[in-house]
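Understanding the architecture of this molecule
One-letter residues, chain by chain:
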Amino acid sequence: GAGVSQSPSNKVTEKGKDVELRCDPISGHTALYWYRQRLGQGLEFLIYFQGNSAPDKSGLPSDRFSAERTGESVSTLTIQRTQQEDSAVYLCASSFPQTNSPLHFGNGTRLTVT
Amino acid sequence: GNSVTQMEGPVTLSEEAFLTINCTYTATGYPSLFWYVQYPGEGLQLLLKATKADDKGSNKGFEATYRKETTSFHLEKGSVQVSDSAVYFCALSPERALTFGSGTRLQVQP
C-alpha cells in the first residue's frame, strides 16, 4: 500500500512564473487536504476536498492560489505569478471521510521562489 | 477562531529523561485533539489522539490527556530515546480540517 505521493519533491522557480504541485492520495481516501509550512512555522491550512462536495477554500491566501481534484483521486495545487513569500513546503494529506480519521501526509513539495 | 499554542523549541534532553511538551488550545465547541510527529526525512504521522474531555491518548510510550478545564493537551513521555528526536505538532479538529500548532523540535542526546 503506497502512501500519499507528492511531486515534485523540490521546485525552484523564478518570481512571476506559475507552478503546479501534484498530490496522489491513498486509494479509498475521499478526503484530501493541502497545507503550507513556512520555515520555522506551523502548518497553514489551504484547502480541503471531500468527495463530490464543494471544496473548502477558506485557507487559500490569495486568488493566485487554486486547486483542483479529479473525482477522488489526484489533486493539483496551482500557484500563479509566484512571489518570494510563496516559498514554503506544501503538504498534501488524505484520510477516510469519518470525523477524526487520521490524516496521512505526503513528504511535501519544497517550493523556492527566487 | 480556533488556534493551538505550543511551547517553542528546540527541546534538548538526554536519553531516559522525562519529556513534557505543552499544548494549549482555543476552540468553539468540543474539538478532538491530536499529536502528530515528523521524523527527519519523513512525512507527518499521527502519534495519538483524544476525542473527548478526560480521554487519554497513548502510543509508543507517549501520553496526552484532554483537559477541558485548562484547555490543554500536553504531551509526556517518561523516558525518551534518541529515536524520539523529531518535530511534534499539536492539532485540533473542530470540524474538518485540522488546525496545527507551530511544532516543537525535540533533540535527544545519547
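Keep in mind that what you see is a predicted model, and the values were worked out from it rather than measured. (Residues numbered from 1 in each chain as written. Chains lettered and ligands numbered in written order. Predicted model: local features only at pLDDT ≥ 70, side-chain atom pairs only at ≥ 80, totals over all residues. Heavy atoms only, no water.)

**Quick notes on the pattern of salt bridges**
Put simply, the rule reads: In what follows, salt bridge is the name for a side-chain nitrogen of Lys or Arg lying within 4 Å of a carboxyl oxygen of Asp or Glu. Each helix corresponds to a stretch of at least 4 residues labelled H or I by DSSP, and each strand to a stretch of at least 2 residues labelled E; elements are numbered beginning at the N terminus.
Counted according to the given criterion, the structure contains six salt bridges over all chains. Residue Asp 86 of chain A is joined to Arg 64 of chain A by a salt bridge in which the shortest nitrogen-to-oxygen separation is 2.8 Å. Pair noted here: Asp 86 of chain A is in the loop between strand E7 (75-79) and strand E8 (88-95) and Arg 64 of chain A is in the loop between strand E5 (43-50) and strand E6 (65-69), with a separation of 22 residues, a long-range link. The shortest N-O distance in the salt bridge between Lys 77 of chain B and Asp 84 of chain B comes to 2.8 Å.

**Here we look at the pairing of strand E8 (residues 62-65) of chain B**
The side chains of a regular strand alternate, first on one face of the sheet and then on the other. Residues and elements named next belong to chain B. Cut-off, in case you're wondering: Two strands pair if DSSP finds at least two bridges between them.
Where strand E7 (residues 56-59) lies against E8, four bridges are found, and the strand directions are antiparallel. Across the sheet, the residue bridging to Gly 57 is Ala 64, located in E8. The hairpin turn running from E7 into E8, its antiparallel successor, is two residues long, and Lys 60 in that turn takes a positive phi close to 55°. As judged from the three bridges shared by E8 and strand E9 (residues 75-77), these two strands associate in the antiparallel manner. Counterpart to Glu 63 in the pairing with E9 is Glu 76.

**Describing the state of the cysteines**
All names here are of chain A. Definition in use: Working definition: a disulfide is two cysteine sulfur atoms within 2.5 Å of each other. Each residue is assigned to one of three classes by its accessible area relative to the maximum for its type, calculated with a 1.4 Å probe on protein chains only: buried under 20%, partly exposed between the two thresholds, exposed over 50%.
Taken as a whole, this structure holds two disulfides over all chains when the rule is applied. The side chain of Cys 23 participates in a disulfide bridge whose partner is Cys 92; the two sulfur atoms lie 1.9 Å from each other. The chirality of the disulfide connecting Cys 23 with Cys 92 is left-handed, given an S-S dihedral of about -65°. On the criterion of sequence distance, the pair formed by Cys 23 in strand E3 (residues 19-24) and Cys 92 in strand E8 is long-range, its members being 69 residues apart. Taken as a pair, Cys 23 and Cys 92 share a single burial class, namely buried.

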